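Residues per chain, in single letters:
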Amino acid sequence: MDDAPKQNQPRIHWKFPETAKFGRVIPKEKLYSQAGANAELKQLFVEQVAQIKWAFKLAESTINLAKTEQVHELEVIHIKLKAQTLDEKILTAIDKAIPHPTLFMLTREVNTTEHEIAYQAAHKLRTLTQSNKEKWQQSAYLKSQWLVPSSLHAAPLPAATSLENLYSQLLEALIPLGFQGAKNLQEPKSVYEHSKPQQKKRSLEDKLADLAAIEKLNIQIEQTKAKRDKEKQFNRKRELNDQFKTLKKQLAALHGS
């Protein structure tokens with residue numbers, strides 16, 4: 001997890017229902033076998049993770065929200081960190097081992113009396129192969145700011161119509177602040193109306209696709225800039241600079257600016 005301060009990361013502190021409390025410690029060895037962990041990944045667990053706990057089980061039986069074909073239940077996994085950062089390979093391994101959508105609640109010590117909390121989650125999508133075997137796909141991880149719990153009032157979970165709807169709202173809450181996504185097509189209600197055109201609301205999937213495209217563009221921009229700055233031949237340098245400007249315009253469009 002990137003520990004650099006990011007003002008666009010949301011400040012979140014949720015209060016989970018007591019009826020959903022589970023509190024079962026998950027042995028690292030069990031995760032190793034289920035995720036097929038190699039020696040490098042096991043070492044990351046040893047160095048960065050103090051404890052993994054299945055903290056809450058958000059299900060029809062615990063919070064009275066109907067399950068759907070896509071979301072049968074939602075697991076809240078509490079990871080107590082040894083270090084100040086957490087490699088996302090660890091989250092990916094845990095997600096691989098758990099056949100349900102997950103929300104990670106991370107905690108780390110600030111000093112002997114205080115700790116910080118942050119949330120991370122990827123959009124996990126259940127699909128079926130041609131042989132009817134369950135397969136999971138996931139987006140990049142969304143994350144909140146680290147904060148001391150006492151600095152922000154714990155908010156109840158969003159009101160939802162189903163577990164899938166709750167899951168979508170929790171992910172939406174982790175979308176970077178101020179992010180609008182790619183510019184939407186504006187359509188007036190009628191040719192006779194002169195009111196401001198209405199924008200179509202972008203879906204969670206659209207926003208996640210835009211965020212993935214932004215990450216890819218940022219890499220391309222850095223690579224192009226590095227090549228441009230090193231290039232000695234004038235025409236080639238100008239060509240790279242034009243590519244750089246084009247990529248920056250594409251990035252601005254994806255930000256919705």
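Check the entry above for the structure.
Model, not experiment: these values are computed from the prediction.

Conventions we followed
Residues numbered from 1 in each chain as written. Predicted model: local features only at pLDDT ≥ 70, side-chain atom pairs only at ≥ 80, totals over all residues. Heavy atoms only, no water. Helix = DSSP H or I, 4+ residues; strand = E, 2+ residues; numbered from the N terminus. Buried < 20%, exposed > 50% of the residue type's maximum accessible area, 1.4 Å probe, protein only. Contact = heavy atoms within 4.5 Å. Areas by Shrake-Rupley, 256 points an atom, 1.4 Å probe, with all protein chains shown as cover. Phe/Tyr/Trp six-rings, centres within 6.5 Å; stacked < 30°, edge-to-face > 60°. Lys NZ or Arg CZ within 6 Å of the ring centre and 35° of its normal. Pairing = 2+ DSSP bridges. Salt bridge = Lys/Arg side-chain N within 4 Å of Asp/Glu carboxyl O.

Asks: How do you make sense of the overall build of the chain when you look at a structure like this?
Replies: Per the secondary structure count, the chain includes 7 helices and 12 strands. A burial count over the chain gives 40% of its 257 residues as buried. Of all intrachain contacts in the chain linking residues separated by at least 6 positions in sequence, the fraction that spans at least 24 positions is 70%. Accessible surface for the chain amounts to roughly 15,400 Å². Of this, 51% is attributable to carbon and sulfur atoms.

Asks: Before we go on, may I ask you to explain the packing of aromatic side chains in this structure?
Replies: Given two aromatic rings, their pairing is described by the distance between the two centres and the angle made by the two planes. Per the stated rule, a full pass over the model turns up 6 aromatic pairs. Across from the ring centre of Trp136, 5.3 Å away, lies the NZ or CZ of Lys124, which sits over that ring. The lysine or arginine in question, Arg228, covers the ring of Phe244, its NZ or CZ lying 4.7 Å from the ring centre.

Asks: Would you take a moment to explain the sheet that holds strand 3 (residues 49-59) for this structure?
Replies: Hydrogen bonds along the backbone pair up the strands of a sheet, which may run parallel or antiparallel. Strand order in the open sheet formed by 6 strands is 2-3-4-5-6-9, and the pairing between neighbours is mixed. One side of each edge strand has no neighbouring strand; the edge strands of this open sheet are strand 2 (21-25) and strand 9 (142-143). Where strand 5 (residues 102-109) meets strand 6 (residues 115-121), 6 bridges bridge the pair, whose relative direction is antiparallel. Across the sheet, residue Thr107 finds its bridge partner in strand 6, namely Ile117.

Asks: What exactly am I supposed to notice about the pattern of salt bridges here?
Replies: Under the definition given, this model contains 9 salt bridges. Among the salt bridges present, the one from Lys225 reaches Asp229, with a minimum N-O distance of 3.2 Å. One end of the pair is Lys225 and the other is Asp229, both in helix 6 (residues 204-230) and 4 residues apart, which spans about a single turn. Looking at Asp229, the relative accessible area reads 42%, which means it is partly exposed. For the salt bridge of Glu239 with Arg236, the shortest nitrogen-to-oxygen distance reads 2.8 Å. Here Arg236 and Glu239 lie together in helix 7 (residues 234-254), a separation of 3 residues that amounts to about one turn.

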